[in-house]
Amino acid sequence: MTSDTVPDPAPAAAPGEGAAVRADLTPAQAVARSGFSLDTLRYYERIGLLGTVGRSHTGHRRFTPHDLEWLAVLRCLRDTGMPIAEMRRFAGLVREGEGTFAARMALLEQHDAQVEEQIAHLRRQQRLIHAKIAFYRSATADPAPSG
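Since this is a predicted model, take the numbers as computed values, not measurements. (Residues numbered from 1 in each chain as written. Predicted model: local features only at pLDDT ≥ 70, side-chain atom pairs only at ≥ 80, totals over all residues. Heavy atoms only, no water.)

A. Molecular detail of the packing of helix 3 (residues 65-79) against helix 4 (residues 84-96). In the contact formed by helix 3 and helix 4, the axes pass within 11 Å of each other and the chain directions differ by 145 degrees. Read as a crossing pair, helix 3 and helix 4 show a hand that is right-handed. Of helix 4, the residues touching helix 3 (which contributes Trp70, Val73, Leu74, Leu77 and Arg78) are Met87, Phe90, Ala91 and Val94. (Axes fitted to C-alpha atoms, helices over the stretch in contact; angles between N-to-C directions. Helix = DSSP H or I, 4+ residues; strand = E, 2+ residues; numbered from the N terminus. Left-handed = near helix turned anticlockwise from the far one by under 90°. Contact = heavy atoms within 4.5 Å.)

Structural data, given as structure tokens:
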């Protein structure tokens, strides 16, 4: 399984079945580790960005380490300005399997080009800010004594 797959998590084994213990996380722990709000996690699940989140025997959501890995991918895409529609497209491609690697790569390369443009734009804006800071520093410097 690759780090960008979005499968539905396997159900946790019942105690005493000899299966390895999974370190599933509560929603509060997933919020703390992912940086997303609980409302965002619910929304992402509802719109298909996050696979079906497993449930405990009491019906409470439980997030797997794999869910958190996928949330880190979503965080990266969101933080770099990818629209939700494109994130959904990417998640759909991931769910379709390895046959979509070329389409995923194309989508990410297009997004990367947009990120590069954003960075270049921010660098140009930063140069203006630096020029203004230099101007204000020189304007507020003590004048040389006349003499």
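Having seen the model, we can carry on.
B. Structural context of the pattern of salt bridges. Summed over the entire model, instances satisfying the criterion amount to four salt bridges. Here arginine 75 ties to aspartate 79 by a salt bridge, and the two come within 3.2 Å at their closest N and O atoms. Pair noted here: arginine 75 and aspartate 79 are both in helix 3, with a separation of four residues, about one helical turn. By relative accessible area, which is 53% here, aspartate 79 ends up exposed. (Salt bridge = Lys/Arg side-chain N within 4 Å of Asp/Glu carboxyl O. Buried < 20%, exposed > 50% of the residue type's maximum accessible area, 1.4 Å probe, protein only.)

C. Quick look at the side chain of aspartate 67. Tracing the chain through its elements places aspartate 67 in helix 3. Each residue touching aspartate 67, except ones within four places of it in the same chain, is listed here: Leu50 and Arg62.

D. A look at the environment of glycine 48. Tracing the backbone through its elements, the reader meets glycine 48 in the loop between helix 2 (38-46) and strand 1 (54-55). Separated by 43 residues in sequence, glycine 48 and alanine 91 have C-alpha atoms that sit 7.7 Å apart. Leave out the neighbours within four places in its chain, and glycine 48 touches Ala91 and Arg95.

E. Structural view of the side chain of threonine 100. The residue threonine 100 is located in the loop between helix 4 and helix 5 (101-140) in this model. Exposure remark for threonine 100: the relative accessible area of 8% places this residue in the buried category. Residues in contact with threonine 100, not counting those within four places in the same chain, are Leu93 and Val94.

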